[in-house]
Amino acid sequence: MFKGKRIWITGASSGIGQALAEQLAAQGALLVLSARRRAQLQQLAESLPGQGHQVLPLDLADLDDALPKARAVLADHPVDILINNAGISQRSRVQDTDLAVYRRLMEVDYFAVVALTQLVLPTLLAKGQGQVVTVASVAGKVGSKLRSGYSGAKFAAVGFMDCLRAEVAGQGVGCLTVFPGYVQTDIAKAALTATGQAQDHSDPGVDGGISPGQCAQAIVQAMAKGKDELIVGRGISVLAPRLQRFFPGLVRKMVARSQYT
Ligand SMILES: NC(=O)c1ccc[n+]([C@@H]2O[C@H](COP(=O)([O-])OP(=O)(O)OC[C@H]3O[C@@H](n4cnc5c(N)ncnc54)[C@H](OP(=O)(O)O)[C@@H]3O)[C@@H](O)[C@H]2O)c1
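Position numbers for residues start from 1 in each chain and track the written sequence from start to end. Where local features are concerned, this predicted model is filtered to residues with pLDDT of at least 70; where side-chain atom pairs are given and counted, the filter is 80 or more; whole-chain, interface and lining totals use all residues. Each side-chain value is worked out from all heavy atoms of the structure, with water and hydrogens disregarded.

As annotated in an unreviewed UniProt entry, the chain is 3-oxoacyl-ACP reductase from Gallaecimonas xiamenensis 3-C-1. Quoted straight from UniProt, the Sequence similarities (unreviewed entry) entry for the chain says "Belongs to the short-chain dehydrogenases/reductases (SDR) family." UniProt positions are given in the numbering used here, feature names are shortened, and annotations may be inferred rather than shown by experiment.

Caption draft 1: Summary view of the packing of helix α8 (residues 236–246) against helix α9 (residues 248–257). Fitted lines through C-alpha atoms give the axes, limited to the stretch in contact for helices. The angle between two N-to-C directions lies from 0 to 180 degrees. In DSSP terms, a helix is any run of H or I states spanning at least four residues, a strand is any run of E spanning at least two, and both are numbered starting from the N terminus. Contact geometry for α8 and α9: axes closest at 6 Å, N-to-C directions at 140°. Between α8 and α9, the angle is such that the two are oblique. Here I236, A240, L243, Q244, R245 and F246 of α8 come into contact with α9, specifically with P248, L250, V251 and M254. Class assignment for the residues of the contact of α8 with α9 results in eight nonpolar, one polar and one charged. Working rule for angles: under 35 degrees goes down as roughly parallel, over 145 as roughly antiparallel, 65 to 115 as roughly perpendicular, anything else as oblique. In what follows, a contact means two residues having at least one pair of non-hydrogen atoms within 4.5 Å. All residues other than Ala, Val, Leu, Ile, Met, Phe, Trp, Tyr, Cys, Pro, Asp, Glu, Lys and Arg, Gly among them, are scored as polar; the first ten of these are nonpolar and the last four charged.

Caption draft 2: Broad picture of the nonpolar core. Side-chain atoms within 4.5 Å are what join buried Ala, Val, Leu, Ile, Met, Phe, Trp, Tyr and Cys residues into a set we call a nonpolar core. Between buried and exposed lies partly exposed: a residue is buried under 20% and exposed over 50% of the maximum accessible area for its type, with that area taken using a 1.4 Å probe on protein chains only. Membership of the largest hydrophobic core comes to 35 residues, with the highest contact counts inside it found for L24, L31, I83 and I219. When residues of this core are assigned to their parent elements, the largest contribution, seven residues, is made by helix α7 (residues 212–224). Aside from chain neighbours lying at most four places away, what touches L31 is I7, I9, A21, L24, A25, L48, G52, H53 and Q54. If you look at the next biggest cluster of nonpolar residues, it comprises 33 residues, including L63, L67, L82 and C175.

Caption draft 3: Quick look at the pairing of strand β1 (residues 6–10). The element β1 is extensively covered by neighbouring structure, given that five of its five residues are classed as buried. Burial along β1 is two-sided: the face carrying R6, W8 and T10 and the face carrying I7 and I9 are both buried. Where β1 lies against strand β2 (residues 30–34), five bridges are found, and the strand directions are parallel. Each bridged residue has a counterpart across the sheet, and for I9 the counterpart in β2 is L33. By definition, the crossover connecting two strands over a helix is right-handed if that path, from the first strand to the second, turns clockwise as seen with the strands pointing away from the viewer. Following the backbone out of β1, through helix α1 (residues 15–26) and into the adjacent parallel β2, one traces a crossover that is right-handed. Pairing between two strands requires that DSSP report at least two bridges joining them.

Caption draft 4: Looking closely at the pairing of strand β5 (residues 130–135). In terms of burial, β5 is a largely internal element, six of the six residues being buried. Residue alternation in β5 divides its side chains into two sets, G130, V132 and T134 and Q131, V133 and V135, and both sets are buried. Inspection of the sheet shows β5 paired to strand β6 (residues 173–180) by six bridges, in the parallel sense. Its bridge partner being in β6, V132 is matched across the sheet by C175. Crossover β5 to β6 through helix α5 (residues 148–168) is right-handed.

Caption draft 5: How the structure looks around the environment of G249. Relative to the assigned elements, G249 resides in helix α9. Along the sequence, G249 and D65 sit 184 residues apart, while their C-alpha atoms lie 44 Å from each other.

Caption draft 6: Spotlight on the UniProt feature "domain: Ketoreductase" (unreviewed entry) in the chain. Taking the numbering used here, the UniProt-annotated feature "domain: Ketoreductase" (unreviewed entry) corresponds to residues 5–182. As a span, residues 5–182 carries 48% helix and 17% strand, and end to end its C-alpha atoms are 29 Å apart.

Caption draft 7: Looking closely at the side chain of T97. Position of T97 relative to the elements: it lies in the loop between β4 (81–84) and α4 (99–127). A polar atom in the side chain of T97 sits 2.8 Å from the side chain of S92. Here a polar contact means two N or O atoms within 3.5 Å. Within protein one must be a hydrogen donor candidate and the other an acceptor candidate, and residues neighboring in sequence count only if both atoms are side-chain atoms. From its side chain, T97 meets the backbone oxygen of R93 in a polar contact 2.6 Å long. Among residues more than four places away in sequence, those in contact with T97 are Q90, S92, Y102 and A194.

Caption draft 8: Region of the structure containing the pattern of salt bridges. What counts as a salt bridge is simple: a side-chain nitrogen of Lys or Arg found within 4 Å of a carboxyl oxygen of Asp or Glu. Here the structure, examined in full by the defined rule, presents seven salt bridges. Here D65 and K69 are joined by a salt bridge, their closest N and O atoms 2.7 Å apart. Here K69 and D65 lie together in helix α3 (residues 63–76), a separation of four residues that amounts to about one turn. Ionic pairing is found between K141 and E229, a salt bridge with its closest N-O pair at 3.3 Å. Here K141, found in the loop between β5 and α5, pairs with E229, found in strand β7 (residues 229–232); they are 88 residues apart in sequence, far enough to count as distant. Put simply, D162, R165 and D228 are held in one network by salt bridges that share partners.

Okay, structure coming up:
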């Protein structure tokens, strides 16, 4: 299914993105690996099975700088699949949070998804095949405390993917939106606090999540099956969106009563 396919993965320097790179390379994919940390990407590329993987370091909070670099690489090596996985989370209350933090979350978690999708879409449509995968979050279905900017950006990305799916229906391009619950990665450590600093420590929710490898395996399976949506994880973080469909009032009460870190 993925043998010889060129797949662009953002956020490949750690966590879910790194695990996706390892699993897709094992299935014969040729990868374009993006994130800010060049050294981690380089090390990953060298460790992967197969030849011809590329490293494309980008800061997705600075799309004016990132897009020309990406365009130059894609011009020579068009991709078959884009995985919008890079993301940054938040741990701060609405009343305390600088507007700049909201803007940064929107840049990385929403505008980068839009811009990178726009970059690859003409090629996918011209070929009449390919996929756009966006790793959103359960926070893109259920809002909770301390994540107003993150949740807002993820809800926006989910809406964007729904619209994209409708627009390209019947033209051979798949659109998969992924809703992970907690996954044991650096996401909480890197999460922005009220003033935009990294939180710099993990939290019990994330530490109790599934492994990045388990999450990546479910994503790769959903991609292979051409699914539109995947909710992946364990416990209340993945039950909440399902509960919300039938008992929205109950879920509102649950999140209001829960202590989030
Ligand atoms: N872990 C969870 O519990 C969980 C739950 C739901 C959804 N998710 C989503 O899963 C995705 C992957 O996150 P993860 O859990 O694997 O966390 P992670 O280990 O912190 O990975 C985040 C990735 O995003 C990249 N990134 C962050 N800011 C960037 C920027 N400005 N420009 C380019 N790349 C940037 C990071 O690379 P650099 O630092 O090298 O730039 C890193 O590779 C995210 O979209 C996240 O929202 C995670």
